[in-house]
Amino acid sequence: MSSKFIRYSTIVTSVFLLVSCSGLKEPVAEKEVLPTPQIIPLPLNSSWNNGTYKVPETNTICFNEGGKRTAVWLQKLLNSANLNAQFSETNNTDCGNWKIVKDESLDLLLGDEGYILDIRNNGVTLKGATDAGLFYAIQTLRQFFPAGIEQNSLSNAEIKLRMGHIEDRPQYSWRGTMVDVARSFFGLEYLKRHVDRMALYKLNRLHLHLTDDQGWRIEIKSKPKLTGVASKGSVTDGNSGYLSQEDYKELQDYALARNIIIIPEIDMPGHIYSALLAYPELNCAENANINPKKALPPDLFEGYDVGWSRFCLEKPETYDFVSEVIGELASITKGPWIHMGGDEIEDPRYKEFVVKADSIIHTYNKISIGWEEVTQTKVSDDFISQEWNGDTESVMEDVKVIESMCANFYLDHGNTADQKNTATWCKKDGLSLQDVYGFSTDNPHVIGVEAPVWTEFVLNNESMDDRFWPRAAAVAEVGWTPEAKRNFNDFIKRLPEHGKRLSQMGVHFFPSPEVKWDSTEKTREVKSVFYNFNPEK
Ligand code: TNX
């Protein structure tokens, strides 16, 4: 038992007694009961048995038709624990100690993203109706392994898994985060790492706030000045730059392999100064030379004000521009949604604009999403409203809602009241873990939750890390686990184990005071089990 795993587990030894023929009781076996794996998000149903499955050094993975992809992820997981794993060529599920069953008829029980994970004394079975469900079985299994697996540092470890049965599926289909790359740019490398972390917690939507007054972050080939001019800005001391179409494709593929869909946002008709600077003809004449600058003279904007810039909604050129940009963006976007923004602007033609923008998005075969202000008028029935302050009087009935209420989900606010460089306008004492975890709604139209990090004051990777983590783990549990099963005290008891894992993954998480973190873990270089892994290759 030289294993590192012992460091991570409290071992309870129970002595099993056997009654022999003679009637004498004698101890025959010592049985080690591993602690229950500290899984986040908490699975819907799990039952534990006191046994342990000791993973052999050499493993065989069997899978049925359709299970190959999962087998590739699983092999990578086992290899990262320095275990050998080969595929069985028999193409059935009854030949090795790891069995993968993809079975569409499990759909009724497990839905699009659910799975069954069964750990017995002769091996492990993963079942799901979809690749997504099976991928999540792997993510749950990953959390059974000591955190050192993230750095591939388990060389002498004897891996033992607590035996049990998990049947799991999410409460909500939308479990998202949003990164504002417009105020300060975060590029492909950071976003891929962010996707890795989201996947561990079964988060499945990444919304990119790609444009704002300070900068434009996506290459649109038919509008070269967006990258040539508009991408050069940022808030004071922030980073500028943009995602090329190649970067965007690479990020989407990386995310899709991990069951994460990217939602691009072009924020309109306000929050648009950087585009106006590049294409001044989209200004109304009276907007030139007003402070903050509306467009002319051509200075970048590096301040923090909101709600002052706007497209000229009287000009037909504005709609030509919107149509060209959305058309090109739609052609490079793999997911079904485009976000039109629509927040924080008053304009007599606002309603007319959002109706047109929604219809343009449909023309390019995408579904539109917008901030809640859009529902002041009626747009398409399939529109999704993203609620952030709840102040809008909606005229739309039964509209689908993504919950991003600022008091629960605006992670640009501090983890604590005294965290530096954080927003305070929504909640002056910051958003504690409990504020996030305590979110509750009885609106039947809610399709899920999403936590934004706006980047007015988030200027480097470490800050982005400590805004998201560990609070995004709370977002994940709110999105996945039904409210009746959630318990904050239980959640914060599971978190120390995740602190170890996040440290091993190189995440500079915020040590929330609500949690008894293990202070011995040092943050390592950025890495993780599936860092840069491509299951297709
Ligand atoms: C509100 S919420 C905004 C953003 C800011 C953020 C700062 C919303 C749709 N807009 O433009 O960055 O507050 O917390």
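To be clear, the structure that these remarks concern was listed above.
Note that the structure is a prediction, hence the values are computed from the model and not measured.

Engineer: I'd like a description of the sheet that holds strand β11 (residues 205-209), backed by residues and values.
Structural biologist: Hydrogen bonds along the backbone pair up the strands of a sheet, which may run parallel or antiparallel. The 8 strands are arranged β10-β11-β12-β13-β14-β15-β16-β17 in a closed barrel whose pairing can be described as parallel. Pairs of neighbouring strands in the sheet enclose a mean axial angle of 30°, with direction left out of account. Where strand β16 (residues 400-403) meets strand β17 (residues 446-453), 3 bridges bridge the pair, whose relative direction is parallel. Its bridge partner lying in β17, V401 is registered against V446. Set on the sheet, helix α14 (residues 471-480) makes contact with β10 (174-180) and β17; between it and β17 the angle comes to about 175°.

Engineer: How would you explain the pattern of salt bridges if you had to name every residue and give the values?
Structural biologist: Taken as a whole and assessed by the stated rule, the structure comprises 29 salt bridges. D196 is the partner of R193 in a salt bridge, and the nearest nitrogen-oxygen pair spans 3.5 Å. Of this pair, R193 and D196 are both found in helix α5 (residues 188-200), 3 residues apart, which corresponds to roughly one turn of the helix. With a shortest N-O distance of 3.0 Å, D381 and K378 are connected by a salt bridge. The class for D381 is exposed, based on a relative accessible area of 64%. Counted as one network, the salt bridges with shared partners bring together D180, R183, D212 and E456.

Engineer: If you had to explain the state of the cysteines to someone new, which residues and values would you point to?
Structural biologist: A complete count under the given rule lists 3 disulfides for this structure. Sulfur-sulfur distance for the disulfide between C284 and C312 comes to 2.0 Å. Here the disulfide of C284 and C312 is right-handed, its torsion about the S-S bond being about 80°. With C284 in the loop between α8 (273-278) and α9 (316-332) and C312 in the loop between α8 and α9, this residue pair connects regions lying 28 residues apart in the sequence. Since its relative accessible area comes to 7%, C284 is described here as buried. According to the relative accessible area criterion, C312 is buried, its value standing at 2%. A sulfur-sulfur distance of 2.1 Å marks the disulfide that ties C406 to C426. Looking down the S-S bond of the C406 and C426 bridge, the torsion is 70°, so its handedness is right-handed. Here C406, found in helix α11 (residues 406-409), pairs with C426, found in the loop between α11 and α12 (433-437); they are 20 residues apart in sequence, far enough to count as distant. Under the relative-accessibility criterion, C406 is labelled buried at 7%. For the protein chain, the bonded cysteines connect in the pattern 1-2, 3-4, 5-6 when numbered consecutively along the sequence.

Engineer: I'd like a description of the nonpolar core, backed by residues and values.
Structural biologist: In terms of nonpolar packing, the biggest core is built from 135 residues, with F145, L161 and W216 touching the most fellow members. The greatest single-element share of this core, amounting to 8 residues, is contributed by α9. Setting aside anything within four residues of it in sequence, one finds L161 in contact with L34, G51, T52, Y53, V55, W98, I119, V124, L141, F144 and F145. Counting 8 residues, the second largest nonpolar core, distinct from the first, contains I263, W337, I384 and I447.

Engineer: Explain the packing of aromatic side chains residue by residue, including any values.
Structural biologist: Taken as a whole and assessed by the stated rule, the structure comprises 30 aromatic pairs. Judged by centre distance (5.0 Å) and plane angle (55°), the rings of F409 and F439 are tilted. A residue pair is termed long-range when its members are at least 10 positions apart, and F409 in helix α11 and F439 in the loop between α12 and β17 qualify at 30 residues. Residue classification places F439 among the buried positions, given a relative accessible area of 6%. When the ring of Y437 is compared with that of F491, the centres are 4.6 Å apart and the planes differ by 25°; the resulting orientation is stacked. In this pair, Y437 is assigned in helix α12 and F491 in helix α15 (residues 488-504), connecting sequence segments 54 residues apart.

Engineer: Would you mind going over the site of the ligand in detail, with residue names and values included?
Structural biologist: Residues in contact with the ligand, as listed here, are R183, H271, D343, E344, W371, W388, Y410, D412, W425, W454 and E456. The separation between an oxygen atom of the ligand and a polar side-chain atom of R183 is 2.7 Å. Within the side chain of D412, one N or O atom sits 2.6 Å away from an oxygen atom of the ligand. Burial of the ligand by the surrounding chains reaches 96%, relative to a free accessible area of 360 Å². Of the residues in the shell around the ligand, the class split is 5 nonpolar, 1 polar and 5 charged.

Analysis parameters
Residues numbered from 1 in each chain as written. Predicted model: local features only at pLDDT ≥ 70, side-chain atom pairs only at ≥ 80, totals over all residues. Heavy atoms only, no water. Pairing = 2+ DSSP bridges. Helix = DSSP H or I, 4+ residues; strand = E, 2+ residues; numbered from the N terminus. Axes fitted to C-alpha atoms, helices over the stretch in contact; angles between N-to-C directions. Contact = heavy atoms within 4.5 Å. Salt bridge = Lys/Arg side-chain N within 4 Å of Asp/Glu carboxyl O. Buried < 20%, exposed > 50% of the residue type's maximum accessible area, 1.4 Å probe, protein only. Disulfide = S-S within 2.5 Å. Core = buried A, V, L, I, M, F, W, Y, C linked by side-chain atoms within 4.5 Å. Phe/Tyr/Trp six-rings, centres within 6.5 Å; stacked < 30°, edge-to-face > 60°. Near = heavy atom within 4 Å. Polar contact = N/O pair within 3.5 Å; in protein donor to acceptor, adjacent residues only side chain to side chain. Areas by Shrake-Rupley, 256 points an atom, 1.4 Å probe, with all protein chains shown as cover. Nonpolar A, V, L, I, M, F, W, Y, C, P; charged D, E, K, R; others polar.

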